[in-house]
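Each chain, letter by letter, is given below.
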Amino acid sequence: MNDLRLAAIFALLAGGLFFTFVSTVGVIRLPDVYARAHTASQTDTLGAGLVVAAVVLTYGVDSEVIKAVLLLLFIFITNPTAAHAIARAAYEEGIEPWTQGDERR
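Residues numbered from 1 in each chain as written. Predicted model: local features only at pLDDT ≥ 70, side-chain atom pairs only at ≥ 80, totals over all residues. Heavy atoms only, no water.

Peer 1: Which residues make up the environment of Arg-5, and what are the values?
Peer 2: Following the sequence through the fold, Arg-5 ends up in helix α1 (residues 3-29). Separated by 49 residues in the primary sequence, Arg-5 and Ala-54 have C-alpha atoms spaced 9.7 Å apart. Contact partners of Arg-5, with chain neighbours within four places excluded, come to Leu-57, Thr-58, Tyr-59 and Gly-60. (Helix = DSSP H or I, 4+ residues; strand = E, 2+ residues; numbered from the N terminus. Contact = heavy atoms within 4.5 Å.)

Right under this line is the structure:
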């Protein structure tokens, strides 16, 4: 494996790890269910995409890579859908979004 390809793999893995870490911190630190659902769906999906891109670069086109890409497609569809369903359920239950003047919960 050449140095440029190895550097790209490490960069993609580091990016995926970073965005997954940001998602974790966001879920812990953000004030309400709406913001938490947003960060979980957005950054987690991006982190998974970068990690799968690193897998593709590592193994090339193979049957295992095709399975990983299908898994990524599944994540791209289900993460935003789940976040929307969670936010909608919270709204229908009457949970108010956090605003600037509210105390931290």
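Peer 1: Describe the pattern of salt bridges, naming the residues involved and giving the relevant values.
Peer 2: One pass over the full model with this rule turns up 2 salt bridges. Notably, a salt bridge pairs Lys-67 with Glu-64, separated by 3.8 Å at the nearest N-O pair. Of this pair, Lys-67 and Glu-64 both sit in helix α3 (residues 63-92), 3 residues apart, roughly one helical turn. Judged by its relative accessible area of 48%, Glu-64 falls in the partly exposed class. Here Arg-88 makes a salt bridge to Glu-92, at a shortest N to O gap of 3.2 Å. With Arg-88 and Glu-92 both in helix α3 and 4 residues apart, this pair spans about one turn of that helix. Note on Arg-88: relative accessible area 49%, which makes it partly exposed. When its relative accessible area of 58% is taken as the criterion, Glu-92 is described as exposed. (Salt bridge = Lys/Arg side-chain N within 4 Å of Asp/Glu carboxyl O. Buried < 20%, exposed > 50% of the residue type's maximum accessible area, 1.4 Å probe, protein only.)

Peer 1: Mind laying out the side chain of Ser-41, listing which residues take part and the relevant values?
Peer 2: Its location among the elements puts Ser-41 in helix α2 (residues 33-59). On the basis of relative accessibility, which here comes to 7%, the residue Ser-41 falls in the buried class. From its side chain, Ser-41 meets the backbone oxygen of His-38 in a polar contact 3.2 Å long. For Ser-41, the contacting residues outside a window of four places in its chain are Asn-79, Pro-80 and Ala-83. (Polar contact = N/O pair within 3.5 Å; in protein donor to acceptor, adjacent residues only side chain to side chain.)

Peer 1: Can you explain the nonpolar core? Please cite residues and give values.
Peer 2: If you look at the biggest cluster of nonpolar residues, it comprises 5 residues: Ala-48, Val-52, Ala-68, Leu-72 and Ile-75. Only α2 and α3 provide two or more residues apiece to this core. Take this core: its biggest share by element is 3 residues, from α3. (Core = buried A, V, L, I, M, F, W, Y, C linked by side-chain atoms within 4.5 Å.)

Peer 1: If you had to explain the packing of aromatic side chains to someone new, which residues and values would you point to?
Peer 2: Counted by the stated rule, this structure contains 1 aromatic pair. Each ring, one from Phe-18 and one from Phe-19, has its centre 5.2 Å from the other, and the planes form 70 degrees; the classification is edge-to-face. Residue Phe-18 is classed as partly exposed on the basis of its relative accessible area of 47%. (Phe/Tyr/Trp six-rings, centres within 6.5 Å; stacked < 30°, edge-to-face > 60°.)

Peer 1: Outline the packing of α1 against α2, supporting the account with residue identities and numerical values.
Peer 2: The N-to-C vectors of α1 and α2 enclose an angle of 165 degrees; their axes lie 8 Å apart at closest approach. Between α1 and α2, the angle falls in the class roughly antiparallel. The two elements α1 and α2 cross, and the hand of that crossing is left-handed. Classifying every residue of the contact of α1 with α2 by side-chain character gives 16 nonpolar, 9 polar and 3 charged. (Axes fitted to C-alpha atoms, helices over the stretch in contact; angles between N-to-C directions. Parallel < 35°, antiparallel > 145°, perpendicular 65-115°, else oblique. Left-handed = near helix turned anticlockwise from the far one by under 90°. Nonpolar A, V, L, I, M, F, W, Y, C, P; charged D, E, K, R; others polar.)

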